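Inside the fold
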Amino acid sequence: RIFGGIRGAAPEGPPKPAERWQDIPPFLPESFSRGADVVPVADIRLLEVVFPISFSRAGVSPYVDLDAWRKYRPFAHIGPTLGHEGPSSLCALLRRRGLATALGTAVVEENESFALLAVNVELTSEGLARRREVLKLLFGFLRLLRELPRWPQYLLDENVQLSEAAWRTLETLPPSDAVVRLVSNMHRC
């Protein structure tokens, strides 16, 4: 009532940003093969590869269904698999070749339209000099995962065990922090 006279005010409330931008990709196609070299002040050698994942509620390819993304959390399986430190892992291969010291993944942004999955590789000096080789190994490993007929059961079992251990050892949050986290998660539903 108070804001009814304001131009653009809608009785059902303001439009959601996701609806406004839902048909616009988070990255333009010409930016996919680009990189940026940043010269840090500190001695940091980090290779970050960011993968945009566009969502659709209709399950239209090449989009990922948002409800399936939230229900099955594929990043919870891809991340530990990429960062796995076992003898046949990508991380172990990079270490054996003297190219990296660590590898990790994280969802760095998630909203109603898209998510950004980042793969971070902490490079050695040699790895920095041979970063194209690191990228080839990363994309080759991702191709191998994509071509698997089925996700390996031992990786699924290990992820479940890690999740259960994290749940059992979870620190109790102060009530105010718990409410903020709960409200944030409710907003995503």
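**A closer look at the environment of L128**
Tracing the sequence through the fold places L128 in helix α5 (residues 125–129). Along the sequence, L128 and A100 sit 28 residues apart, while their C-alpha atoms lie 8.7 Å from each other. The contacts of L128, once residues within four sequence positions are left out, are R45 and L123.

**A few points about the nonpolar core**
The biggest cluster of nonpolar side chains holds 17 residues, and the ones touching the most others in it are L82, L90, L94, L103, V121 and V134. Going through the elements one at a time, β1 (46–56), α4 (90–96), β3 (100–110), β4 (114–123) and α6 (131–147) are the ones with two or more residues in this core. Ranked by residues supplied to this core, first place goes to α6 with five residues. Once residues lying within four places of it in the same chain are set aside, the contact partners of V134 are L47, L94, L99, V121, L123 and G127. Grouped together as the second largest cluster of nonpolar side chains are seven residues, I53, L66, W69 and A115 included.

**A closer look at the pattern of salt bridges**
Tallied over the full model, the rule gives five salt bridges. In this structure, R45 engages D43 in a salt bridge whose closest nitrogen and oxygen atoms are separated by 3.1 Å. The class of R45 is partly exposed, set by a relative accessible area of 24%. We note a salt bridge from R130 to E133, for which the minimum N-O separation is 2.7 Å.

Scoring rules and cut-offs
Residues numbered from 1 in each chain as written. Predicted model: local features only at pLDDT ≥ 70, side-chain atom pairs only at ≥ 80, totals over all residues. Heavy atoms only, no water. Helix = DSSP H or I, 4+ residues; strand = E, 2+ residues; numbered from the N terminus. Contact = heavy atoms within 4.5 Å. Core = buried A, V, L, I, M, F, W, Y, C linked by side-chain atoms within 4.5 Å. Buried < 20%, exposed > 50% of the residue type's maximum accessible area, 1.4 Å probe, protein only. Salt bridge = Lys/Arg side-chain N within 4 Å of Asp/Glu carboxyl O.

Honestly, it's all geometry; don't read function into it.
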